[in-house]
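Structure assessment
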Amino acid sequence: MRTEVQDRPMWLPLAAMLVAAALALWLLMRPELLSGLPMFLRMPAIGLGVWTLGAAFMQPLGLEFRRHWLRRATAPPVSLVALAAFVLLVVIRAFWLA
């Protein structure tokens, strides 16, 4: 009989999902935070946002990729660092526009 041991706390993916949901709602209310950037900065910012928000919603649902490099890119700690970077980008942009 095999038992799986969780190596990370359960609250971590849920907290990441709540942060991602709040950030997604904030960007829906204020899209100029990303759309006001020049094109050469906007496209990487949108790509980073899609990756981090998608990874934050995948983890609590128990979804995983089959390929090793995709699984590693969407699992903590890589996804949490990317989420923190995207949150920092949006917060700095909000203070810049305020």
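For the structure, see preceding data.
Residues numbered from 1 in each chain as written. Predicted model: local features only at pLDDT ≥ 70, side-chain atom pairs only at ≥ 80, totals over all residues. Heavy atoms only, no water.

**Observations concerning the overall build of the protein chain**
- Scanning the protein chain for helices and strands turns up five helices and zero strands.
- Its C-alpha atoms put the protein chain at 55 × 25 × 15 Å along the principal axes.
- Each of the 98 residues in the protein chain was classed as buried or not, and the buried ones make up 26%.
- In the protein chain, once contacts between residues fewer than 6 apart in sequence are set aside, the share between residues at least 24 apart is 71%.
- Total accessible area on the protein chain is roughly 7,200 Å²; 72% of this is exposed by carbon and sulfur atoms. (Helix = DSSP H or I, 4+ residues; strand = E, 2+ residues; numbered from the N terminus. Buried < 20%, exposed > 50% of the residue type's maximum accessible area, 1.4 Å probe, protein only. Contact = heavy atoms within 4.5 Å. Areas by Shrake-Rupley, 256 points an atom, 1.4 Å probe, with all protein chains shown as cover.)

**Quick word on unusual backbone geometry**
- In the segment running from Pro76 into Pro77, the intervening peptide bond is cis, with an omega of 5°.
- Within the secondary structure, Pro77 sits in the loop between helix H4 (68–73) and helix H5 (78–97).

**Remarks on the pattern of salt bridges**
- This model, assessed by the stated rule, comprises one salt bridge.
- Here Glu32 and Arg30 are joined by a salt bridge, their closest N and O atoms 2.8 Å apart.
- By relative accessible area, which is 34% here, Glu32 ends up partly exposed.
- A residue is classified by how much of its surface remains accessible, and Arg30, at 28% relative accessible area, is partly exposed. (Salt bridge = Lys/Arg side-chain N within 4 Å of Asp/Glu carboxyl O.)

**Details of the nonpolar core**
- Within the largest apolar cluster, 14 residues are counted, with the highest numbers of intra-cluster contacts made by Leu23, Leu27, Leu34, Phe86 and Val90.
- Only helix H1 (11–29), helix H2 (32–35), helix H3 (39–61) and H5 provide two or more residues apiece to this core.
- The contacts of Leu27, once residues within four sequence positions are left out, are Leu33, Leu34, Phe86 and Val90. (Core = buried A, V, L, I, M, F, W, Y, C linked by side-chain atoms within 4.5 Å.)

**Re the environment of Ile46**
- Mapping Ile46 onto the fold places it in helix H3.
- Between the alpha carbons of Ile46 and Leu34 there is a distance of 7.4 Å; along the sequence they are 12 residues apart.

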